[in-house]
Amino acid sequence: MAHPKNGDGRPKGERREPEASPWVRRLVEAQAVHLTAKQLGWWSFHLESFLRYCRNRGDQVEARVLARGFFDALSVEQFGEGTAYRVDQTKQALTVFIRGIENWHWERSDAGAWIPRFRIKPPVDHDASTMDGATGAASTSGVSPAAGSTGAAVSVSRQNWQNALSTALRVRHYALRTENTYRQWVRQLLDFHADVPLADLGEAHVQRFLEHLAVGRNVAASTQNQSFSAILFFFTHVLGRDLGELHDTVRAKRGRKMPVVMDRSEVRRVLQVTEGTSGLMLRLMYGAGLRLMECVRLRVTDVDLARGLIAVRAGKGDKDRSVPIPVALSETLGEHLKRLRGLHEVDRINSLPGVYLPHALETKYPNAGIEFAWQWFFPTKNLQNDPRSGLRRRHHLHKNTLSVAIKQAARFARIEKSISCHTLRHSYATHLVEDGVDLRSIQELLGHKSIETTMIYTHVAKAASRRVHSPLDRMDDD
């Protein structure tokens, strides 16, 4: 017996997934948001519904105000099952829409109705498209070269420098933390010379700002060098200008400092007062010598319990390395992995977007983000908005969670030292030296580029083990 069909040939009762409009595809591509075909179709459905809402309201106001009204007016019955997710999906689509359009204005149609029109902000090396909010028709107009292209970014101004800087950094695959840091330093430079047009900024202005940091604010040498790196990148890759002799003369000389190290009893006391996921992460950082961000960015595929190895991906200097898993943590990590699998199954039932993946990997394997192997090993309990795409998804724990945890643990353990997460890594390396492990092996475990960096721990270990008696201690013997 044949099953009854709908008019379009589908089995009766089967819900048809919405199709993506061409202009929504251009919007998503311009904002570098990566969606599955199904997600893209639903985003298009939500945004087309928003434009119909705008035309029916007839209020000639800006898009942001209308978006808030549209979201507040959503009917919880309109999506059926998965209502909470669809409402959240609508919010994500509207967020990207508001961020990705410009020149929102109203035009009266032949019938006398007011029609919203706008232009999609252009991606790198693409033309802008002026969109008709009623029909989605587009007309193109040329734009000047974008930051990050081979030519100079002649269109950069005080109004759009942040977008230009972000584009230049992302084209070169800089980390998001670096992007935020560079943006802060460039903003401070521009605020310091607020009365100087961007086109007139040059070597002398940068020199005065760096002198202000060194003399007026008395910043550390590393901070001054970081600020100059940000400013140099901005001038070279965004403004397309050369800073001349400043390349070689402005770097501050950094002194060599001894790392803060805990002895074994202090490490034991700190770890004894930590528990839960934070406690597990702190034990793993000490037991494997991981940096803070290396620990929080671990994925399921990186932890090989069968072989007893952790693959550290894209560590400092974008280098990979392998470190052994402490035997004492194998069972605990296995139990943690079981809990992760249960959480992942719940996320799949709720049809959550996949976890963040590097752009090239997400492009090559579009469904990898929803696979268990690519999930974060230490995920958050709550969902968060992706800082780049705006998607609401599960992210890894924030670094501040561990920073606060170890500060509290050091206080409870009555450790009178300036303790941070990196102190665990320093302690790990120093204790390996004291155990007689050769420097070359320690260098590989820590991922140091130079053996000289590793040798600092020999000085720490020797200073602790020297048996030189002070003359003051021998005064009573004379």
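Residues numbered from 1 in each chain as written. Predicted model: local features only at pLDDT ≥ 70, side-chain atom pairs only at ≥ 80, totals over all residues. Heavy atoms only, no water.

## Quick notes on the overall build of the protein chain
Phase 1: Of the regular secondary structure elements, the protein chain holds 18 helices and nine strands.
Phase 2: Classification of the 478 residues of the protein chain by burial places 42% in the buried group.
Phase 3: For the protein chain, the proportion of contacts with a sequence separation of at least 24, taken over those separated by at least 6, is 56%. (Helix = DSSP H or I, 4+ residues; strand = E, 2+ residues; numbered from the N terminus. Buried < 20%, exposed > 50% of the residue type's maximum accessible area, 1.4 Å probe, protein only. Contact = heavy atoms within 4.5 Å.)

## So, helix α5 (residues 161–171)
Because an α-helix packs 3.6 residues into every turn, residues spaced three or four apart end up facing the same way.
Phase 1: Restricting attention to buried positions, one finds in α5 the residues W161, A164, L165, S166, A168 and L169.
Phase 2: Against the buried residues of α5 lie α6 (176–192) and α8 (221–239).
Phase 3: Downstream of α5 by one or two residues, H173 has phi in the positive range, about 60°.

## What about the pattern of salt bridges?
Phase 1: Counted by the stated rule, this structure contains 11 salt bridges.
Phase 2: With its nearest N and O atoms 3.4 Å apart, the salt bridge here joins E102 to R119. One end of the pair, E102, is in strand β1 (residues 101–108); the other, R119, is in strand β2 (residues 114–120), and 17 residues separate them in sequence.
Phase 3: Accessibility expressed as a relative area gives 24% for R119, which makes it partly exposed.
Phase 4: When the shortest N-O distance is used, the salt bridge between E294 and R321 registers 2.9 Å. Of the two residues, E294 sits in helix α12 (residues 292–296) while R321 sits in strand β7 (residues 321–324), which places them 27 residues apart along the sequence. Exposure class is identical for E294 and R321. Each is buried. (Salt bridge = Lys/Arg side-chain N within 4 Å of Asp/Glu carboxyl O.)

## Focus: the confidence of the model for the protein chain
Phase 1: Put simply, the protein chain has an average pLDDT of 80, and 80% of its residues get 70 or more.
Phase 2: When mean pLDDT is taken per element in the protein chain, strand β5 (residues 303–304) scores highest with 96 and strand β4 (residues 138–141) scores lowest with 34.
Phase 3: Low pLDDT (under 50) marks residues 1–14, which in the prediction has 13 contacts with non-local residues, meaning those over four places away or in another chain.
Phase 4: Segment residues 134–154: pLDDT under 50, and 48 contacts once partners within four positions in sequence are set aside and those in other chains are kept. (pLDDT = per-residue confidence, 0-100.)

## Describing the side chain of S227
Phase 1: Mapped onto the fold, S227 is located in helix α8.
Phase 2: Judged by relative accessible area, which is 0%, S227 ranks as buried.
Phase 3: Apart from residues lying up to four places away in sequence, S227 is in contact with W185, L210 and L213.

## Here we look at the sheet that holds β7
Phase 1: Overall, antiparallel pairing links the three strands, which are arranged β5-β6-β7 in an open sheet. Every interior strand has two partners, whereas the edge strands, β5 and β7, have only one.
Phase 2: Sheet topology places strand β6 (residues 309–312) next to β7; four bridges connect them, and they run antiparallel. What sits directly across from L309, in β7, is P324. (Pairing = 2+ DSSP bridges.)

## Considerations on empty space enclosed by the protein
Phase 1: Taken as a whole and assessed by the stated rule, the structure comprises two cavities of 30 Å³ or more.
Phase 2: What the largest cavity holds in volume is close to 70 Å³.
Phase 3: Lining the largest cavity we find L340, L343, H344, D347, V355, Q375, W376, P379 and R394.
Phase 4: The class makeup of the residues in the lining of the largest cavity is five nonpolar, two polar and two charged.
Phase 5: For the second largest cavity, the calculated volume is near 50 Å³.
Phase 6: If you go around the second largest cavity, the residues you meet are D347, R348, L352, P353, G354, V355, G369, Q375 and R394.
Phase 7: Split by residue class, the lining of the second largest cavity holds three nonpolar, three polar and three charged. (1 Å grid on protein atoms, 1.4 Å probe; cavity = no way out; pocket = protein on both sides within 12 Å on 5 of 7 lines; lining within 4 Å. Points joined across faces, edges and corners; volume = space filled by probe spheres on them. Nonpolar A, V, L, I, M, F, W, Y, C, P; charged D, E, K, R; others polar.)

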